[in-house]
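Structure at a glance
Listed below are the residues making up each chain.
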Amino acid sequence: MALGKDQGGSYALQQTDAGKDRGIASLKHQKHNWRRMLDDSFLVPFTSPDKMRWNSVTHYVLGSQFKKGRPDIYAAFSAENKTTENNNISEKIEDAKKFSEENKKHIDSDFYEIGVEPRHIQERALALEAKFSQNRDFKQVLMETKDAKLIQFKRKMPAVEDELLMKLRKKY
């Protein structure tokens, strides 16, 4: 696994107070990849509550779609995946997305249900918590964003405010 290699979006900050620019200047100086470090697809290992290792939040969320009905597919997304036929999906985001798409008929029926706290949101929140609590540098980057609005950008997609990440930052 190439630690730090990312294949996802990027983040921008919208300051809510003009006097808080020092935190952003500090981030830019200390961590040249700080925007990507916030992204779900940035490769940084963490352990989920079920003691499995994951290389990114994206890998965990993609795998979680299958957690209840197909634990074998869920495990294939983990860093511990040792099967020869699917060994790239635990390291490469594009391979993981492709594998997820190929197995979409096995996605747990409740994963994308509409409700107060949908399971796909809960699983991402769990993965974000693990990523930032287990990796001190990443937590520091998140904290240095102060109270700025975190906005995620992905090519050919509208910008999205990352409410879960801002909620996690507030928790720390």
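See above for the structure.
Here the structure is a predicted model, which is why all the values come from computation and not from measurement.

Concerning the overall build of the protein
The number of helices and strands found in the protein is eight helices and five strands. Listing each helix as α and each strand as β along the protein from the N terminus yields β-α-α-β-β-α-α-α-α-α-β-β-α. The buried share of the protein, reckoned over its 172 residues, is 43%.

Comments concerning the packing of aromatic side chains
For the structure shown, the criterion picks out eight aromatic pairs. The interplanar angle of 50 degrees and the centroid separation of 5.1 Å between the aromatic rings of W54 and Y74 together place this pair among those described as tilted. With W54 in strand β3 (residues 53-54) and Y74 in helix α4 (residues 71-76), the pair connects residues that are 20 residues apart, well separated along the chain. In this structure W54 comes out as buried when scored by relative accessible area, which is 0%. The class for Y74 is buried, based on a relative accessible area of 4%. Members of the aromatic cluster, connected to one another through ring pairs, are F46, W54, Y60 and Y74. Across the ring face of Y172, the terminal group of K139 is positioned such that the distance to the ring centre comes to 4.3 Å.

Observations regarding the packing of helix α3 (residues 57-64) against helix α5 (residues 93-102)
In contact at an axis separation of 10 Å, α3 and α5 are set at 10 degrees when each is read in the N-to-C sense. Classified by the interaxial angle, the pair formed by α3 and α5 is roughly parallel. When α3 is examined against α5, the residues T58, H59 and L62 are found in contact with a partner set consisting of I93, A96, K97 and S100. Looking at side-chain class alone, the contact of α3 with α5 contains three nonpolar, three polar and one charged residues.

Some remarks on the pattern of salt bridges
Considering all chains together, one arrives at 11 salt bridges under this definition. Between K67 and E123 there is a salt bridge whose closest N-O contact spans 3.2 Å. Here K67 is found in the loop between α3 and α4, whereas its partner E123 is found in helix α6 (residues 119-134), with 56 residues between them in sequence. As a salt-bridge pair, R119 and E123 come within 3.4 Å of each other at their nearest N and O atoms. With R119 and E123 both in helix α6, this residue pair falls four residues apart, about one helical turn. E123 matches R119 in its accessibility class, with the two residues each being buried.

Looking at the nonpolar core
Counting 33 residues, the largest nonpolar core has L38, F77 and F132 as the members making the most contacts within it. For this core, the secondary structure elements donating two or more residues are α2 (34-37), α3, α4, α5, α6, α7 (136-144) and α8 (163-171). If we skip the residues at most four places from it in the chain, F77 touches W54, H59, L62, G63, F66, I89, S90, A96, F99 and S100.

A short note on the environment of S100
Inspection of the secondary structure puts S100 in helix α5. For the pair S100 and Y74, spaced 26 residues apart in sequence, the C-alpha to C-alpha distance is 9.7 Å. With residues near it in sequence (within four places) discarded, S100 still touches L62, Q65, F66 and F77.

So, how was this worked out
Residues numbered from 1 in each chain as written. Predicted model: local features only at pLDDT ≥ 70, side-chain atom pairs only at ≥ 80, totals over all residues. Heavy atoms only, no water. Helix = DSSP H or I, 4+ residues; strand = E, 2+ residues; numbered from the N terminus. Buried < 20%, exposed > 50% of the residue type's maximum accessible area, 1.4 Å probe, protein only. Phe/Tyr/Trp six-rings, centres within 6.5 Å; stacked < 30°, edge-to-face > 60°. Lys NZ or Arg CZ within 6 Å of the ring centre and 35° of its normal. Axes fitted to C-alpha atoms, helices over the stretch in contact; angles between N-to-C directions. Parallel < 35°, antiparallel > 145°, perpendicular 65-115°, else oblique. Contact = heavy atoms within 4.5 Å. Nonpolar A, V, L, I, M, F, W, Y, C, P; charged D, E, K, R; others polar. Salt bridge = Lys/Arg side-chain N within 4 Å of Asp/Glu carboxyl O. Core = buried A, V, L, I, M, F, W, Y, C linked by side-chain atoms within 4.5 Å.

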